[in-house]
Amino acid sequence: FRKGVGRSLVESAAKAYEEATSNTNGGWDNEAVRVAAPHAASINRFITPKNILTLSADNGDLIYVIRASLINDRMLMNRVTVKQMG
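Residues numbered from 1 in each chain as written. Predicted model: local features only at pLDDT ≥ 70, side-chain atom pairs only at ≥ 80, totals over all residues. Heavy atoms only, no water.

### Regarding the nonpolar core
Phase 1: Judged by nonpolar contacts, I43, F46, I47, I52, I71, L76 and V80 together constitute the single largest core of seven residues.
Phase 2: For V80, the residues in contact, after removing those within four places along its chain, are S42, I43 and M85. (Core = buried A, V, L, I, M, F, W, Y, C linked by side-chain atoms within 4.5 Å. Buried < 20%, exposed > 50% of the residue type's maximum accessible area, 1.4 Å probe, protein only. Contact = heavy atoms within 4.5 Å.)

### Here we look at a nonpolar patch on the surface
Phase 1: Taken together, the side chains of L53, L55, I63 and V65 define a hydrophobic patch exposed on the protein surface, amounting to about 310 Å² of accessible area.
Phase 2: Those elements that provide at least two residues to the nonpolar patch are β1 (52-56) and β2 (62-66).
Phase 3: Within the element layout of this structure, L53 appears in strand β1. (Patch = residues over 30% accessible without salt bridge, like charges linked within 9 Å, V, L, I, M, F, W, Y side chains within 5 Å. Areas by Shrake-Rupley, 256 points an atom, 1.4 Å probe, with all protein chains shown as cover. Salt bridge = Lys/Arg side-chain N within 4 Å of Asp/Glu carboxyl O. Helix = DSSP H or I, 4+ residues; strand = E, 2+ residues; numbered from the N terminus.)

### Considerations on the layout of surface pockets
Phase 1: Each pocket or cavity is described by its volume, and for the largest pocket that value is around 400 Å³.
Phase 2: Surrounding the largest pocket, 14 residues form its lining, A37, P38, I43, Y64 and M85 being those nearest its centre.
Phase 3: For the lining of the largest pocket, the secondary-structure elements that each account for two or more residues are α2 (30-36), β2 and α5 (82-85).
Phase 4: No other element matches α2, which puts three residues into the lining of the largest pocket. (1 Å grid on protein atoms, 1.4 Å probe; cavity = no way out; pocket = protein on both sides within 12 Å on 5 of 7 lines; lining within 4 Å. Points joined across faces, edges and corners; volume = space filled by probe spheres on them.)

### Concerning the pairing of β2
Phase 1: Sheet analysis places β1 next to β2, joined by five bridges and oriented antiparallel. Residue pairing for β2: T54 is matched across the bridge by Y64.
Phase 2: Linkage of β1 to β2, two consecutive antiparallel strands, is achieved through a turn of five residues, within which G60 is found at a positive phi near 95°. (Pairing = 2+ DSSP bridges.)

### Considering the confidence of the model for the protein chain
One rule of thumb: low pLDDT means the predicted coordinates there are not for detailed reading.
Phase 1: Here the protein chain averages 88 in pLDDT, and 100% of its residues register 70 or above.
Phase 2: Taken element by element, the protein chain is modelled with least confidence in β1, mean pLDDT 86, and with most confidence in helix α4 (residues 73-79), mean pLDDT 95. (pLDDT = per-residue confidence, 0-100.)

Take a look at the structure:
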């Protein structure tokens, strides 16, 4: 996957990780990851900082909470396919 069909995705994720962790306060900048995500140009109109919350677990894992009631899912799905969302 990393050397074939998924190579561009893996490279994009690595670059986004570097950008997300390179800020001066040592924290996580989720915007770098949102922008680098597949199909972000279409999806990020609907999944915005207004309807998501990123938290850290005690073990360092990230918890990504999406408030679905604030997403216009009909309009979103008119712009992207189910495969693009997956």
